[in-house]
Structures are given as structure tokens and as C-alpha cells.
Amino acid sequence: MVTMDRPADLLALAVSIARSASELAVRMRAEGVAAVATKSTATDVVTAADRAVERHVREALHAARPGDTVLGEEYGGGSGDAAVRWILDPIDGTVNYLYDLPQYAVSLAAEVGGEVIAGVVRNAATGKEWTATRGGGAFAGDRRLAASGETDLGQALVGTGFGYAAARRSHQAKVVAGLIGHIRDIRRFGAASIDLCLVAEGALDAYYEKGLNPWDHAAGGLIAAEAGALVTGLDGAAPGPDMLIAAPSGLHEQLHARLSELDAAGGP
Ligand code: IPD
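Below is a short write-up of the structure. (Residues numbered from 1 in each chain as written. Predicted model: local features only at pLDDT ≥ 70, side-chain atom pairs only at ≥ 80, totals over all residues. Heavy atoms only, no water.)

Here's the deal with the site of the ligand
Piece 1. Taken together, 16 residues are adjacent to the ligand, and Asp92, Gly93, Thr94, Tyr164 and Glu209 come closest.
Piece 2. Taking Gly190, its main chain carries an N or O atom lying 3.2 Å from an oxygen atom of the ligand.
Piece 3. Here Ala191 contributes a backbone N or O atom positioned 3.1 Å from an oxygen atom of the ligand.
Piece 4. When the ligand sits alone it has 380 Å² of accessible area, and the protein chains cover 95% of it.
Piece 5. Mapping the ligand onto the cavity grids shows that it belongs to the largest pocket. (Near = heavy atom within 4 Å. Polar contact = N/O pair within 3.5 Å; in protein donor to acceptor, adjacent residues only side chain to side chain. Areas by Shrake-Rupley, 256 points an atom, 1.4 Å probe, with all protein chains shown as cover. 1 Å grid on protein atoms, 1.4 Å probe; cavity = no way out; pocket = protein on both sides within 12 Å on 5 of 7 lines; lining within 4 Å. Sits in = over half its atoms within 2 Å of the grid points.)

Structure below.
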């Protein structure tokens, strides 16, 4: 049994489990996939693979570290006072998975004392993998990552996403309409964890979204922060369901100001 809670050890375990979990997701995708149920709205789907991958990760974590807790998108959990809480999105980008668009990820983070200290995001479709430990930097394979050096919001390529409820999406669309004339362009790829890793790489200059859950941003948020991005909420708040902004210091204030003006954290 592993007894150490060092970030590097937790990351090594997370990476090995994310890899086998990704293989399972890809194998199930090849066998054909269908939405098996809906959650918050008729477009918020869950597939058998979301559930199977979550069970696989839970079993692997339990075998390696039986005392830890797990908060997962499909089965909840994560309460209690274990030293380590794992935060899992078994398939982030479920709609992409359903449509066989190669932008879906296993996202797994280790949290100690309320702080995420290690995380991996693996795009299961492409095998691309991003990792970070707190204070240890962010990496794609061996390559250390650095967020964009852009300082002009007018030149920034900005990622975002939309929730599943129609009323929320309408508000989010108004925010995009108010933002798009002030930036280079918008991207909506459909997996928040990957969006955050793209900020870490500088492939997106910035990203924001309202309505994220911890499993959407725990690992990717650490990866973006360790690459030098500021990962915050609005007005000094921590990133959370009201708002997450990930942007390098040269852009963060400008994007924050614009999103605040547009009431991006408001609406339903
Ligand atoms: C969703 C994706 C999407 C984001 C949504 C998330 P899911 O997660 O990350 O990009 O815009 O807010 O709910 O449902 O595919 O795990």
C-alpha cells in the first residue's frame, strides 16, 4: 500500500490510472456509443462509458490507496476527512464523445487540505496528456508549458463553454456577443479540462466559463496555473461555479474587466 502523499507520487498514480481509463473510453467508443440517460437537461447526457470509466478509476484508486475519497462527476462522493480527495471527470467532453469528435478527456486531480496538488488531463482520443504538480510546473510529456505572452485583449484567442440549460446558454451567448468584438476570436471546443490545458500551452490566450463543476477544472486549473496563468473567479473570488477565468497576467485584468461589465457571472 502506498502511504506517501507527495505530489509526484500522487501524480504518477493519477497518470497511470488516466491512461488505462482512456483506453477503456476509446475501446467503448469503438464498440459504439449511445446516451444512456440525461441529467440536468435533455442535452446533458451520460453514456455507459462515462459510468464504466468512473468505476474503473474508482476501483484502481481504491486498490492503490484505500483510505482516500473520490469525488466523481457520475457517482458523486468525496466527503469525509481522508488525507487525499481525488476529483474525477471520467469523460470531460461527453457530447464530443457521443459525436466521436476527438476532444474528450479523462481528468483526475489529487486534493490535499482543500488544495489541488497534482493533476492529469489526458485527451483519450488523441493520447495527448498534460500534467502538473503544485510548485513543480506544468508539462505536456517532457515539455514544460508556459501560458501565452499576449498582453492585448484585442489580439487574444479566447476559449469558453456553455452550460446545458437553455436559459443559461442564452445569457452566455449574450456575454459572447458582447466580448467577440473586443478580442481576436472565440473558440468552443467542448471539454473544459482540455481548454484549460490549451491555455497552459499558449494555444488559447485565455479561457473563461460560468457554471463549471470541480471535476471540470480541478486538474486543468492546476495545469494552467502552473504554466503561469492566473486562474480565478470574479472580483477576488476563487474559481468556481459562478465564474472561472484562466489568463496570463498580461490579459487577466482586461478580460476580467470586460466579463464583469457584461455580467458574465450573472444570469441563471
Ligand atoms: C462539460 C464540458 C464543456 C463545458 C461544460 C461541461 P461534460 O463537461 O467541459 O466544455 O462547457 O460546462 O459541463 O458534461 O462533458 O463532462
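Considering the packing of aromatic side chains
Piece 1. Counted according to the given criterion, the structure contains one aromatic pair.
Piece 2. One Lys or Arg, Arg29, reaches over the ring of Tyr97 and ends 5.8 Å from the middle of that ring. (Phe/Tyr/Trp six-rings, centres within 6.5 Å; stacked < 30°, edge-to-face > 60°. Lys NZ or Arg CZ within 6 Å of the ring centre and 35° of its normal.)

Overview of unusual backbone geometry
Piece 1. Positive phi is not limited to glycine here, since Asp235 has a value of about 50 degrees.
Piece 2. Structurally, Asp235 is set in the loop between strand S13 (229-232) and strand S14 (244-248).
Piece 3. On the basis of relative accessible area, Asp235 is assigned to the exposed category, the value being 61%. (Helix = DSSP H or I, 4+ residues; strand = E, 2+ residues; numbered from the N terminus. Buried < 20%, exposed > 50% of the residue type's maximum accessible area, 1.4 Å probe, protein only.)

Keep in mind these numbers describe shape, not what the thing actually does.
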